[in-house]
Structures are given as structure tokens and as C-alpha cells.
Amino acid sequence: AQTVTQSQPEMSVQEAETVTLSCTYDTSENNYYLFWYKQPPSRQMILVIRQEAYKQQNATENRFSVNFQKAAKSFSLKISDSQLGDTAMYFCAFGLQDSGGSNYKLTFGKGTLLTVNP
Amino acid sequence: EPEVTQTPSHQVTQMGQEVILRCVPISNHLYFYWYRQILGQKVEFLVSFYNNEISEKSEIFDDQFSVERPDGSNFTLKIRSTKLEDSAMYFCASNGFGRRGHYTEAFFGQGTRLTVV
């Protein structure tokens, strides 16, 4: 079974600064996906960024980037130039594909509540 | 942009009553999921569904729960006899092929807040 650990229940950052959210996971699998989802107060789950385990290059998406360390089973999210709209709960998630290659249920961490202060 | 839609956004029901949560996945997606988030806790996988049958379910998904795709577009989660501890946010998600032929990540609906009183 897979586990995902987010060790920071809450974090805060000043607007325009950079913040890093940590995530570690445990698995014996070799091929998997990792995700960061954002959940604003509206409680909708919004995909922030995705990383395939077979790719060595870290994923980036505008102000969001990850530091994926496969051997250490670490997957941190860096938010640059933080904006007030980034205030949300952030969930790290692990996705394992089935043998057919398409179904992958997600295992989520407990989340980190990020507050961006003006 | 296509999206997963869920109805209702909020449902209040009495303990012991049956409730049906509805979802319309993205039209060309093939795999469908239900997740649950009890207030203040992490999101938990309930069930995945493919080709009109359950492909995987969690321990939470007991005999009180069932899923169905009755008409090729809707994907429903039924709770037969609700309990207080079923109060949670329920998320529907789907995934399918992207532009490059790879399977996409799961796209989530906006959730249905179920309150059992």
C-alpha cells in the first residue's frame, strides 16, 4: 500500500515571496505519478502540477515547480511570487496505474494549509 | 474547457434515508471515481468504475454504497441508509486520453457536501 506524508499542517508566506511545501511518499512501485492539488475555500480540487516518476526532469507550471527526488521518495512543491489567490489547502497525491495503464486511484496526503499574507 | 459537474452542491438528509449523488464526467473519459473528504481530513478513495463495472473499491465502500452509470453520461453514487458518519464532501473524478494518447490526470468535480442529520 502507498502512503503520502505532508509534515507541514500549516504554512504562511508573504505576498511575492517563495514558499516550498514538502511531501514524502512510500511505495515499492517503480512507475507512478505524483500530483499537487489545490483546494481553495470553495473546496473544489484543482490540479496544480503533475510529475511522471519515469521522468527525471522536474515539472514546472508557470510559478509552480516541483523538486522530485525519486530515490528519497520526496516531492516538494515550490510556489514562486506567491499571490493572495494561492491561499488554499494543498494536497500531495500519489497515483498508481493498473495493468491496463489507465485506472489510477489517488492516495492523498493530509494536506498543508497555505496562507499568503498581504 | 470540459469539466466534471456534480449535483447537488449541498444535500441534507436524515439518518437512515437513501441519497443519490450525481456526476457528469467529461464526455470522452473512460474511468470514473468517487472520493470522500470528511471535514478537516484528507481525501479518501472510495471506488473506481470502468466499462460499466467497479474496477476497484476501498474498505470504506461497503454494502451501503453502490455506483451506477445509468444512461451513458451520468455517474451516480448511492448510499442506501445514511449514517451520521457519512457526512462529508464527496468528489467525483474522471480521466481519459489526452492529446498525445496518454491517459490524463484525474479531473475533479466541485464536490457535493452531504450532511446527515
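Presented here is an overview of the structure given in this document. (Residues numbered from 1 in each chain as written. Chains lettered and ligands numbered in written order. Predicted model: local features only at pLDDT ≥ 70, side-chain atom pairs only at ≥ 80, totals over all residues. Heavy atoms only, no water.)

It is common to report an interface's size as the accessible area lost on association of the parts. Taken residue by residue, the interface counts 21 residues in chain A and 22 residues in chain B. Along the contact surface separating chain A from chain B lie one salt bridge. Between chain A and chain B we count five residue pairs in polar contact (both at pLDDT 80 or more) in total. Every element with two or more residues in the side of chain A that touches chain B is listed here: β5 (33–39), β6 (46–52) and β11 (106–108) of chain A. (Contact = heavy atoms within 4.5 Å. Salt bridge = Lys/Arg side-chain N within 4 Å of Asp/Glu carboxyl O. Polar contact = N/O pair within 3.5 Å; in protein donor to acceptor, adjacent residues only side chain to side chain. Helix = DSSP H or I, 4+ residues; strand = E, 2+ residues; numbered from the N terminus.)

On to the pairing of strand β5 (residues 43–50) of chain B. All names here are of chain B. A large share of β5 lies buried, amounting to six of its eight residues. Across seven bridges, the pairing between strand β4 (residues 31–37) and β5 is antiparallel. In the strand pairing of β5, Tyr-35 is matched with Phe-45. Hairpin geometry of β4 and β5 is characterised by an intervening segment of five residues between the two adjacent antiparallel strands and by a positive phi of about 80° at Gly-40. In terms of strand pairing, β5 meets strand β6 (residues 53–57) through four bridges, oriented antiparallel. Note that in β6 the partner of Tyr-50 across the bridge is Glu-53. Between the end of β5 and the start of β6, which pair antiparallel, lie two residues, with Asn-51 showing a positive phi angle near 55°. (Buried < 20%, exposed > 50% of the residue type's maximum accessible area, 1.4 Å probe, protein only. Pairing = 2+ DSSP bridges.)

With that out of the way, let us pick up the side chain of Lys-38 of chain A. Residues and elements named next belong to chain A. Within the element layout of this structure, Lys-38 appears in strand β5. Buried charge without a salt bridge: Lys-38, with Asp-86 as the nearest opposite-charge side chain at an N-O distance of 4.3 Å. A distance of 2.9 Å separates a polar side-chain atom of Lys-38 from the backbone oxygen of Gly-85. (Lys, Arg positive; Asp, Glu negative; His and termini not counted.)

Here the focus is the pattern of salt bridges. All names here are of chain A. With the rule as written, the count across this model stands at six salt bridges over all chains. Between Asp-26 and Lys-73 there is a salt bridge; the shortest N-O distance is 3.6 Å. Of this pair, Asp-26 sits in strand β4 (residues 24–26) while Lys-73 is found in the loop between β8 (64–69) and β9 (74–79), placing the two residues 47 residues apart along the sequence. Ionic pairing is found between Arg-63 and Asp-86, a salt bridge with its closest N-O pair at 2.8 Å. Here the residue Arg-63 occupies a position in the loop between β7 (60–61) and β8, and Asp-86 occupies one in the loop between β9 and β10 (88–95), the gap between them amounting to 23 residues. The network of salt bridges with shared partners includes Arg-50, Glu-52 and Lys-55.

This brings us to the sheet that holds strand β8 (residues 75–79) of chain B. Residue and element names in this part refer to chain B. Strand order in this open sheet of four strands is β1-β3-β8-β7, and the pairing throughout is antiparallel. Among the strands making up the open sheet, the edge pair consists of β1 (5–7) and β7 (65–68). On average, each strand axis in the sheet is tilted by 20° relative to the strand beside it, whichever way the strands run. Across four bridges, the pairing between β7 and β8 is antiparallel. (Axes fitted to C-alpha atoms, helices over the stretch in contact; angles between N-to-C directions.)

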